[in-house]
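Here's the letter readout for the chains.
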Amino acid sequence: MLKPEKITTTTCPYCGVGCTLQLHVKDDFIYRVTSPYESPVNHGNLCVKGRFGYDFIYHPQRITVPMVRRYLLDGTSDKVLGTRKDAPDIGNQSLIPNHLSPSSWDWVETDWETALDLTANKLVEIYRRDGSDAMAVYCCAKATNEDNYLLQKMYRAIFRTNNVDHCTRLCHAGSVVALQQAVGSSAMSNSAAEVIQNDVFIVTGSNTSENHPIIALQMKEAVRKHGAKLIVIDPRRIELVDFAELWLPLKPGTNVPVFSAMAHVIVKENLVNWDFVNRRTEGVEEFIASLDKFTPEYAESISGVPADLIRRAARLYATAQNAAIYWGMGISQLSHGTASALALIHLAFLTGHIGRPGTGLNPLRGQNNVQGASDMGAMPFHFPGYMRVDGPGNAEQWEKLWNIEPGGLSRKLGLTTTEILSHAHPGGIRALYIMGENPLMSEPNLNETRRHMEQLEFIVAQDLFITESAAFADVFLPATPFAEKDGTFTNTDRRIQRVRAAHPPRGLSRRDSDIISALALRLEARLARPSAKWDYAHPSEILREMASVNPDYAGVTYERLEKVGLIYPVPDETHPGTPDLFLETFPRGRGKFTPLDYVPSAELPDDEYPFILTTGRVLEHWHTGSMTRHSKLDELYPEALIEIHPADAEIHGIADGMPVKVSSRRGSVILRATVTEKTTVGVVFIPFHFHEAAANLLTNDALDPQAKIPEFKACAVQVFPAREHDLQNPAALMERGRY
Ligand code: SF4
């Protein structure tokens, strides 16, 4: 019988803007997406992903039945590694051919009881044998707050490990560490919509038009309708440059000298807001002394940005009534990502452009719920609410809530995402649980990642598709996408919003939180652990449990989120939420200046590898493509392209549309060139969504020493013309390893 049409209001599953979606549903199929003008986030506007990118839900390759490797059913555990090596040959540049059917990898479809029992048995076997340090989990910034809270709870409460992380490590870890160090809070200080209150704003390391399109719309409106002045500091001629007063085209990886030179100008030209500095900060004398060498001319010699442009940008920002800074992964994805973010924070401290509406320090968070997953404790150093695992009194609160004996929770800092894989070897990590993440596309230096994945004894993948990483799994637990579950997401400006199911799960797939609860009960029973709560009638109960200890969410209930959500901190149930932070003080008290040095990127161009490669997203796709590449969006942007400047293309004999081979010291890919002035001379750009030419085969796994974030934004590559034949048969050109 045909079901009546209905409209479900929910939140977009793609970027951190968190646009409100209305899913029009008939016969349990979404056939149209709209958005209400009343949404305070997006006022009825949607980008192409939110509007059209929902059809991955119905893609024939979606897995909706639990699957296990045959060896698990046979009970022959000695087959583990051998069986996994039967996974598709992901050699050459195609990490996993889409056309391969799961059955060809020795998968066996099974029921939930069998899949969960086998998973529990194997995890317990490894835990009993090798202990907490052998266990690790990747939570998921696409999943809800409730899903992430439960998964980190399962690993902390049952396996007693803090080896818990997610993709925040790969996007904004540098920003998080810098902000925690400087102000004691790592979220955006002001709401994105406040951009129309800015007189001047800086956008740096963010191609906002493609990564956060609706925020870019508001930025353009701020310039066109409200007369704001925009300063773009970016190696690429991004769309926002067309709206900018100034564009500082710095070389990738030279943020610290450029921002520090702006600070130098602000100090030398007496543009410092001394009232703010004296009242609200500490360490300014030492910091100012450290600026001596950062003259605009010194910064020009490193970054290529004319000294005069640096001076003009500094004056414009410092003399504004209200100025704000918005930044993206071009700041944080560097081996000195923490220093880059600190250098930006210093500009706000010197000028007092923080702690008022229309000002602020605003790292634009990438994934829809990366803010929320971090808030939920999906990180190795923090329980939910950014409570340090080694902080006094913190573990005790969670032990009480989770019914764990005193001292039962680990106080040892866990491993980060990147460290988890590099510790995958006998004596290190043996079992990895992956909820929705895709390290075999998202990690740097994928050849190395593959070698680490092969070392793991047992991998659980909880996902929608057999991703590049799930192809290595021993068990596949089919989960549901955003449109088949209830919960909450927290967007980039801390707005907690409802996620609502539009129709039931497809096939046998289950909601992530239901899968975790069912597995946790099995694990507890096998390990005779004290019983924590796992049986929740509704996700709202999960949120309330977390909020009972996390003060930022204390006043959040599903009822209060019903219309437009709430911006945290929400300290009690009468509190209206907090769009602007730091009005009176910073969480750490005074804002802290930190003297900085310029440290070059780990790999600089040379005669052999003369280009700097920088990577990022395009409008039509999202991250590792697990959703958008299973959507009609893929028809809009079906293949990876490398952007190369016309001057470089001419020197190297490269024409627009020509296949080229791009190599770094770690691997090679073949893809078509697009010759464009969008990039600058000496810099090439590749989006990282395409497994056929995975940009992360090339990127460098050098880490920021504090944040442990890899250097995705700068590595040295060579680019040579290839033939059409090579594009179709890339293996023929690959000399290095399997790629
Ligand atoms: Fe979704 Fe982001 Fe596009 Fe809004 S801007 S529709 S949240 S992808």
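Described in the following lines is the structure provided in the data block. No experiment lies behind these values; they were computed from the predicted model shown. (Residues numbered from 1 in each chain as written. Predicted model: local features only at pLDDT ≥ 70, side-chain atom pairs only at ≥ 80, totals over all residues. Heavy atoms only, no water.)

1. A look at the overall build of the chain
Counting its secondary structure elements, the chain contains 27 helices and 30 strands. Dimensions of the chain, computed from the C-alpha atoms along their principal axes, are close to 75 × 65 × 55 Å. When burial is assessed residue by residue, the chain has 67% of its 739 residues classed as buried. Sequence-distant contacts, at least 24 apart, represent 75% of the contacts inside the chain between residues at least 6 apart. Carbon and sulfur atoms make up 52% of the accessible area of the chain, which amounts to about 24400 Å² in all. Here the chain carries 74 positive and 88 negative side-chain charges, and the mean point of each set is 2 Å from the other. (Helix = DSSP H or I, 4+ residues; strand = E, 2+ residues; numbered from the N terminus. Buried < 20%, exposed > 50% of the residue type's maximum accessible area, 1.4 Å probe, protein only. Contact = heavy atoms within 4.5 Å. Areas by Shrake-Rupley, 256 points an atom, 1.4 Å probe, with all protein chains shown as cover. Lys, Arg positive; Asp, Glu negative; His and termini not counted. Charge placed at Lys NZ, Arg CZ, Asp CG, Glu CD.)

2. Thoughts on the side chain of arginine 495
Along the chain, arginine 495 turns up in strand E20 (residues 495–499). Among buried charged residues, arginine 495 stands out as having no salt bridge; its nearest opposite-charge side chain is aspartate 493, 5.0 Å away. Excluding anything up to four places from it in sequence, arginine 495 contacts Pro40, Val41, Phe489, Thr490, Val564, Leu566 and Ile567. (Salt bridge = Lys/Arg side-chain N within 4 Å of Asp/Glu carboxyl O.)

3. A word on the sheet that holds E20
Taken in spatial order, the three strands of this open sheet run E19-E20-E21, and their pairing is antiparallel. Two strands in the sheet have a free side with no partner beyond their single neighbour: strand E19 (487–490) and strand E21 (566–567). Here E19 runs beside E20; their pairing, made up of four bridges, is antiparallel. Following the sheet pairing, glycine 487 is matched in E20 by valine 499. Against the sheet, helix H5 (residues 145–157) engages E19 and E20, with an angle of about 95° to E19. (Pairing = 2+ DSSP bridges. Axes fitted to C-alpha atoms, helices over the stretch in contact; angles between N-to-C directions.)

4. Focus on helix H23 (residues 539–547)
Among the nine residues of H23, seven are classified as buried, and the element is accordingly described as predominantly covered. Pro539, Ser540, Ile542, Leu543, Glu545, Met546 and Ala547 are the residues of H23 that are buried. Looking at the buried positions of H23, the neighbouring elements they touch are H5, helix H18 (394–401), E19, helix H22 (512–527) and helix H24 (558–561).

5. Let's talk about the environment of leucine 347
Of note, leucine 347 is situated in helix H16 (residues 337–351). In contact with leucine 347, other than residues within four places in its own chain, are Phe259, Met262, Ala263, Ile266, Tyr317 and Ile325.

6. Things to note about the side chain of glutamine 497
Positionally, glutamine 497 belongs in strand E20. A polar atom in the side chain of glutamine 497 sits 2.8 Å from the backbone oxygen of glycine 18. (Polar contact = N/O pair within 3.5 Å; in protein donor to acceptor, adjacent residues only side chain to side chain.)

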